[in-house]
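# A structural walkthrough
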Amino acid sequence: MSRADEYRYQIERQRKQELAQQRVRETTRPFVERYRSILNDVASQGLDDVIPAEFRELNSELRRMETLLESDPFAARDMSRSLGGRFHGLPRLAREQRRSNQEAELAAAEAFRKAQQAEAERQLQMKAELETAWREGLSGWSTPVALNAAFGELQQLRERLLSNATNNMTPAQVSVALRGVQQRYEA
């Protein structure tokens, strides 16, 4: 093969390679543009905040793909093929993650509401038990005169014992306190 033939062969080979690169570039570019559109849609819906790591990674890969499209279209095409599924699945993944986050927030709010309701019910039950102990303690007084004489002290004691059910007062403690007052006044 003469030098001229070899030169023509290399020129022809280079031209074919450039044509192949141009063809791959032209067929890959719409995919890259579609991926950019998907990322923009995800960001415009605020879903990029739901899956930040995945979004950042795909955005970085897309920038790399856009750069490769000019310098090495075959590598850009290979990246497009390998990452296409992730780009197309990103909106669904983001929506599912957002829905999952919302469900978790709702469940946490419901659990908090139930805990508050249970605490309120516990407080009401405790107050009812203390009231019952108070009434039973007063019903045990044998002389109404002693009860009338102790009225002021009993009011203060009731205020102190029953005003705040969260002070961990038990019905037995209420009964003991009432018996103490009863013993002093009935003696």
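Next up on the list: the confidence of the model for the chain. With 97% of its residues at a pLDDT of 70 or more, the chain shows a mean pLDDT of 88. Taking the mean pLDDT of every element in the chain, the minimum, 78, falls on helix α4 (residues 144-149) and the maximum, 95, on helix α2 (residues 52-71).

To continue, consider the packing of aromatic side chains. Within this structure, the stated rule accounts for one aromatic pair. Arranged with centres 4.4 Å apart and planes meeting at 10°, the rings of tyrosine 35 and phenylalanine 87 form a pair that is stacked. Of this pair, tyrosine 35 sits in helix α1 (residues 3-44) while phenylalanine 87 sits in helix α3 (residues 73-139), and the two are 52 residues apart along the sequence.

By size, the foremost hydrophobic cluster in this structure holds 20 residues, and its most contacted members are Leu39, Val42, Leu62, Met65, Phe87 and Leu90. Those elements giving two or more residues to this core turn out to be α1, α2 and α3. Not counting the four nearest positions on each side in its chain, leucine 62 is found in contact with Val32, Tyr35, Arg36, Leu39 and Phe87. With 15 residues, the next largest nonpolar core counts Met126, Ala133, Leu161 and Leu178 among its residues.

The interhelical angle for the contact between α2 and α3, taken along N-to-C directions, is 155°, at an axis separation of 9 Å. Taken together, the axes of α2 and α3 are roughly antiparallel relative to one another. Considering the relative orientation of α2 and α3, their crossing is left-handed. Within the contact between the two elements, α2 uses Glu54, Phe55, Glu57, Leu58, Glu61, Leu62, Arg64, Met65, Leu68, Leu69 and Ser71 and α3 uses Pro73, Ala75, Ala76, Met79, Ser80, Leu83, Arg86, Phe87, Leu90 and Leu93. Among the residues making up the contact of α2 with α3, the classes are represented as 14 nonpolar, two polar and five charged.

So, on to the pattern of salt bridges. On inspection of all chains with the given rule, the structure shows 13 salt bridges. Residue arginine 36 pairs with glutamate 66 through a salt bridge whose shortest N-O separation is 3.3 Å. Taken together, the residues arginine 36 in helix α1 and glutamate 66 in helix α2 connect sequence positions 30 residues apart. Judged by relative accessible area, arginine 36 falls into the partly exposed class, the value being 22%. A salt bridge links glutamate 131 to arginine 158, with the nearest nitrogen and oxygen atoms 3.0 Å apart. Of this pair, glutamate 131 sits in helix α3 while arginine 158 sits in helix α5 (residues 151-162); the two residues are 27 residues apart in sequence, bridging distant segments of the chain. According to the relative accessible area criterion, glutamate 131 is buried, its value standing at 18%. Arginine 158 gets classed as partly exposed once you look at its relative accessible area, which sits at 30%. A single salt-bridge network, built from bridges that share partners, covers Glu54, Glu57 and Arg86.

Bringing α3 into the picture now. Here α3 spans 95 Å end to end across 67 residues, near enough to the 99 Å set by a 1.5 Å rise per residue. Along its length, α3 shows its largest kink, about 50°, at leucine 83.

Cut-offs and rules
Residues numbered from 1 in each chain as written. Predicted model: local features only at pLDDT ≥ 70, side-chain atom pairs only at ≥ 80, totals over all residues. Heavy atoms only, no water. pLDDT = per-residue confidence, 0-100. Helix = DSSP H or I, 4+ residues; strand = E, 2+ residues; numbered from the N terminus. Phe/Tyr/Trp six-rings, centres within 6.5 Å; stacked < 30°, edge-to-face > 60°. Core = buried A, V, L, I, M, F, W, Y, C linked by side-chain atoms within 4.5 Å. Buried < 20%, exposed > 50% of the residue type's maximum accessible area, 1.4 Å probe, protein only. Contact = heavy atoms within 4.5 Å. Axes fitted to C-alpha atoms, helices over the stretch in contact; angles between N-to-C directions. Parallel < 35°, antiparallel > 145°, perpendicular 65-115°, else oblique. Left-handed = near helix turned anticlockwise from the far one by under 90°. Nonpolar A, V, L, I, M, F, W, Y, C, P; charged D, E, K, R; others polar. Salt bridge = Lys/Arg side-chain N within 4 Å of Asp/Glu carboxyl O. Expected span 1.5 Å × (residues − 1). Bend = angle between axes of the 7 residues up to and from the residue.

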